[in-house]
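Coordinates in review
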Amino acid sequence: MKITTVPYEEKYEDVWNEFVYNHPLGWFWHTSYRLKNALGNTFKYYSENHSFLMFENKRVLAIVPLTLHKNKENGKWLAHYSESGIPCPLTDPGLSEKRKERVLRKVFRYVDE
């Protein structure tokens, strides 16, 4: 089956949050509310949302909260989420380990593009 990568938009907010709420490792930092908070931090940074979802048909395989922030003082860009230097994807807990690994490879290839 084909995996589709879709940039996060508000129209996916309910799907996104439902995935987080039903995930055993999901917590506030993964929610759309935290995304809005991170993007609203305009005191120190100019922020851009690069978060995305991965679907197989209508099934969510992964959500990836990811924001880019440009420091207003020094002009340097930082890709992070929740002050972490890497994206923190959540994958469908129903995936086999082999399938999860394949999905995560696709996640990081997408991030690298």
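Placed above this text is the structure.
Residues numbered from 1 in each chain as written. Predicted model: local features only at pLDDT ≥ 70, side-chain atom pairs only at ≥ 80, totals over all residues. Heavy atoms only, no water.

1. A word on the overall build of the protein
- The secondary structure content of the protein amounts to three helices and seven strands.
- Counting helices and strands in the order they occur from the N terminus, the protein gives β-α-α-β-β-β-β-β-β-α.
- For a compact globule of 113 residues, the expected C-alpha radius of gyration is about 13 Å, and the protein comes in at 14 Å, within 12% of that figure.
- C-alpha atoms of the protein, sized along the principal axes, occupy 45 × 25 × 20 Å.
- With 113 residues in all, the protein has 38% of them scored as buried.
- Working note: accessible area of the protein is about 7100 Å², and carbon and sulfur atoms make up 53% of it.
- Placing the 17 positive and 14 negative side-chain charges of the protein at their respective mean positions leaves the two points 5 Å apart. (Helix = DSSP H or I, 4+ residues; strand = E, 2+ residues; numbered from the N terminus. Rg over C-alpha atoms; globule rule 2.2 N^0.38 Å. Buried < 20%, exposed > 50% of the residue type's maximum accessible area, 1.4 Å probe, protein only. Areas by Shrake-Rupley, 256 points an atom, 1.4 Å probe, with all protein chains shown as cover. Lys, Arg positive; Asp, Glu negative; His and termini not counted. Charge placed at Lys NZ, Arg CZ, Asp CG, Glu CD.)

2. Here we look at the sheet that holds strand β1 (residues 3-7)
- Taken in spatial order, the four strands make up an open sheet running β1-β3-β4-β7, and their pairing is antiparallel. At either margin of the open sheet sits one strand with a lone partner, and together these are β1 and β7 (90-91).
- Bridge analysis of β1 against strand β3 (residues 52-56) gives five bridges, and the strand direction is antiparallel. Bridging from a neighbouring strand, T4 pairs with F55 of β3.
- Along the sheet face, helix α1 (residues 13-21) touches β3, β4 (59-64) and β7 and points at about 85° away from the line of β4.
- Here helix α3 (residues 97-112) sits on the sheet in contact with β1, β3, β4 and β7, set at roughly 140° to β3. (Pairing = 2+ DSSP bridges. Contact = heavy atoms within 4.5 Å. Axes fitted to C-alpha atoms, helices over the stretch in contact; angles between N-to-C directions.)

3. A closer look at the nonpolar core
- V6, Y8, Y12, W16, F19, V20, L35, L53, F55, V60, I63 and L90 together form the largest nonpolar core, which totals 12 residues.
- Considering every element that reaches this core, the biggest residue donor is α1, with three residues.
- In contact with L53, not counting residues within four places along its chain, are T4, T5, V6, P7, Y8, Y12, V15, W16, A62 and I63.
- One finds I3, L61, V64 and V107 within the second-largest nonpolar core, a separate group that totals nine residues. (Core = buried A, V, L, I, M, F, W, Y, C linked by side-chain atoms within 4.5 Å.)

4. Side note on α1
- Buried within α1 we find E13, W16, N17, F19 and V20. In a view along the axis of α1, the buried residues occupy a sector of 155°, so they form one face of it. Projecting away from the buried face of α1 at angles above 90 degrees are the exposed residues D14 and Y21.
- On the buried face of α1, the contacting elements are α2 (32-39), β3, β4 and β7. (Arc of directions from axis to C-beta.)

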